Amino acid sequence: MTDETNTDGPVRPAAAPRRTSGERTAGSRIAVLGATGCVGRAVCAAYARHGAQVLQVGRTPPPGCRDFLALDLAATAPAELTRILADAGVDTVVNAAGGWARSEELNRAHVELVHRLVAAVGAMPSRPRLVHLGSVHEYGPIAEGTSVHETAEVHPDSTYGRVKLAGSRIVLQAAQAGSVDAVVLRAVNVYGPYTNPASFLGMLRDRLRQAGPPELTVTVAPARRDFVDARDLAEAVVLAGRAPVTGQVINIGRGVAEDIRKLVRMLLETAGRRPDAVALVDAPVTSNGGAWTRADIGRARRLLGWRPRAGVQESITALWEQG
């Protein structure tokens, strides 16, 4: 099936006028859903640097957070969410919620939540901008040596990829119908500060930090994956929040397929582990994404003026020091 919303024709202008001056972020009121996750934290920090007021939304408030709303988004009625966002004067909503939920919660976290969010945002009189975080796993397997473009046919082969695609389609269809002003950022694997402990690199970081003998065995699949630093992704979110495009999918990545073994070795070195203290054992590729992912990021350059900035070592260092 072809994802017909991923056309690369003329870009439709956003339904509501978007600010175009240097003040289009400063003074804004942003709601970040999933604010305590790896991406959500980076997005909150990016908007704060740009002078915006940020309402952080999630289930559990982090220590010391002042402007936080504890809310189970998947269980909140659209009318109630509309009232909350309208009362807060929100002009941009970022959906970074969901994360790596347990399999039985994936539909609730990535489909039901998005249904409620789109209905809520569409009912707001001020019609805020919606930036939805999708995933490269929505495409399904990517042929080795190629870069996946937004116009590619989508065949997700994992439950996570399927529910993420369903959520993105809800947003895109609403945008195409004119009921919301929205864009979908389809992100590759994310690392850097506060990397999710459920991810491979996050789990390895936590294992390296555990007390015990120095010897460690790490099972590594022979895969090459595109990774983007959470801080670079956050800057793409800020740019997408004010860009005059709607109903579009935009890939966000580095456009480089990194050898997973290389990343493991870099993390081990950053953690101060001796090479002979860690055994790398081959294993078949069983995780989301298959053996190869690489995103074509040309559309992000053209429509957002965005490019990745963080180098791999910078991201690995942040992963280790800010986990």
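See the structure printed just above.
Summary of the structure given here. Computed from a predicted structure; not experimentally measured. (Residues numbered from 1 in each chain as written. Predicted model: local features only at pLDDT ≥ 70, side-chain atom pairs only at ≥ 80, totals over all residues. Heavy atoms only, no water.)

## A few points about the overall build of the chain
Check the secondary structure of the chain and you find nine helices and twelve strands. Sequence separation of 24 or more characterises 80% of the internal contacts of the chain that already satisfy a separation of 6 or more. Of the roughly 13,900 Å² of accessible surface on the chain, a fraction of 52% belongs to carbon and sulfur atoms. (Helix = DSSP H or I, 4+ residues; strand = E, 2+ residues; numbered from the N terminus. Contact = heavy atoms within 4.5 Å. Areas by Shrake-Rupley, 256 points an atom, 1.4 Å probe, with all protein chains shown as cover.)

## Here we look at the pattern of salt bridges
Enumeration over the complete set of coordinates arrives at 15 salt bridges. Between Arg129 and Asp181 there is a salt bridge; the shortest N-O distance is 2.6 Å. Of this pair, Arg129 sits in strand β5 (residues 129–135) while Asp181 sits in strand β6 (residues 181–187); the two residues are 52 residues apart in sequence, bridging distant segments of the chain. Of the two residues, Arg129 and Asp181, both sit in the buried class. Between Arg186 and Glu138 there is a salt bridge, with the nearest N and O atoms lying 2.8 Å from each other. Of this pair, Arg186 sits in strand β6 while Glu138 sits in the loop between β5 and α4 (159–177), and the two are 48 residues apart along the sequence. Residue Arg186 shares its accessibility class with Glu138, and that shared class is buried. Within this structure, Arg59, Asp72 and Arg108 form a network of salt bridges that share partners. (Salt bridge = Lys/Arg side-chain N within 4 Å of Asp/Glu carboxyl O. Buried < 20%, exposed > 50% of the residue type's maximum accessible area, 1.4 Å probe, protein only.)

## Focus: empty space enclosed by the protein
Applying the stated rule across the entire model yields two cavities of 30 Å³ or more. What the second largest cavity holds in volume is close to 30 Å³. Taken together, Asn95, Ala97, Ala109, His110, Val114, His132, Leu133 and Lys164 make up the lining of the second largest cavity. Put simply, the parts of the chain that give the lining of the second largest cavity at least two residues each are α3 (106–122) and β5. Per-element accounting of the lining of the second largest cavity gives the leading share, three residues, to α3. (1 Å grid on protein atoms, 1.4 Å probe; cavity = no way out; pocket = protein on both sides within 12 Å on 5 of 7 lines; lining within 4 Å. Points joined across faces, edges and corners; volume = space filled by probe spheres on them.)

## Describing the sheet that holds strand β1 (residues 29–33)
An order of β3-β2-β1-β4-β5-β6-β10 is seen for the seven strands of this open sheet, with the pairing classed as parallel. Only two strands of the sheet have a single neighbouring strand rather than two, namely β3 (68–70) and β10 (249–252). Mean inter-strand twist for the sheet, computed between neighbouring axes without regard to direction, equals 20 degrees. As paired elements, strand β4 (residues 92–95) and β5 share four bridges and run parallel to each other. Bridge pairing in β5 links Val93 to Leu130. Along the sheet, α4 contacts β5, β6 and β10; its crossing angle with β5, the most-contacted strand, is approximately 155 degrees. Contacts from helix α6 (residues 230–242) reach β4, β5, β6 and β10, with the element oriented near 145 degrees to β5. (Pairing = 2+ DSSP bridges. Axes fitted to C-alpha atoms, helices over the stretch in contact; angles between N-to-C directions.)

## What to know about α4
Taking 1.5 Å of rise per residue, 19 residues should cover 27 Å, and α4 covers 27 Å from first to last C-alpha, within 8% of that figure. Looking at the residues trailing α4, positive phi occurs at Gly178, about 85 degrees. (Expected span 1.5 Å × (residues − 1).)

## A look at helix α1 (residues 38–49)
Given a rise of 1.5 Å per residue, twelve residues ought to cover 16 Å, and the 17 Å separating the end C-alpha atoms of α1 matches this to within 8%. Among all positions of α1, only Cys38, Val39, Gly40, Ala42, Val43, Cys44, Ala46 and Tyr47 are buried. Along its buried surface, α1 packs onto β1, β2 (53–58), β4, β5, β7 (189–191) and α6. Gly51 sits one or two positions beyond α1 and adopts a positive phi of about 85 degrees.

## With respect to unusual backbone geometry
One non-glycine residue, Arg127, adopts positive backbone phi at about 50 degrees. With respect to the helices and strands, the residue Arg127 is situated in the loop between α3 and β5. For Arg127, a relative accessible area of 21% corresponds to the partly exposed category. Positioned with a positive phi, Tyr194 is a non-glycine residue whose angle comes to about 60 degrees. Locating Tyr194 in the fold gives a position in the loop between β7 and α5 (200–209). Classification of Tyr194 as partly exposed rests on a relative accessible area of 32%.

## Some remarks on the layout of surface pockets
In this structure, the second largest pocket encloses a volume near 180 Å³. Lining the second largest pocket, in full, are Asp229, Arg231, Asp232, Glu235, Leu239, Gly305, Trp306, Arg307, Arg309, Ala310 and Glu314. Tallied by class, residues from the lining of the second largest pocket come to three nonpolar, one polar and seven charged. (Nonpolar A, V, L, I, M, F, W, Y, C, P; charged D, E, K, R; others polar.)

## Description of the packing of aromatic side chains
Aromatic ring pairs are described here by two measures, namely the spacing of the ring centres and the angle between the planes. According to the stated counting rule, one finds one aromatic pair in the structure shown. With centroids separated by 5.1 Å and ring planes inclined at 45 degrees, the aromatic side chains of Tyr191 and Phe227 adopt a geometry described as tilted. With a gap of 36 residues between them, Tyr191 in strand β7 and Phe227 in strand β9 (residues 224–229) connect regions that are remote in the sequence. Comparing Tyr191 with Phe227, the two get one shared label, buried. Directly above the aromatic system of Tyr194 lies the positively charged group of Arg41, at a separation of 3.5 Å from the ring centroid. (Phe/Tyr/Trp six-rings, centres within 6.5 Å; stacked < 30°, edge-to-face > 60°. Lys NZ or Arg CZ within 6 Å of the ring centre and 35° of its normal.)

Everything listed is a geometric property; what it means functionally is a separate question.
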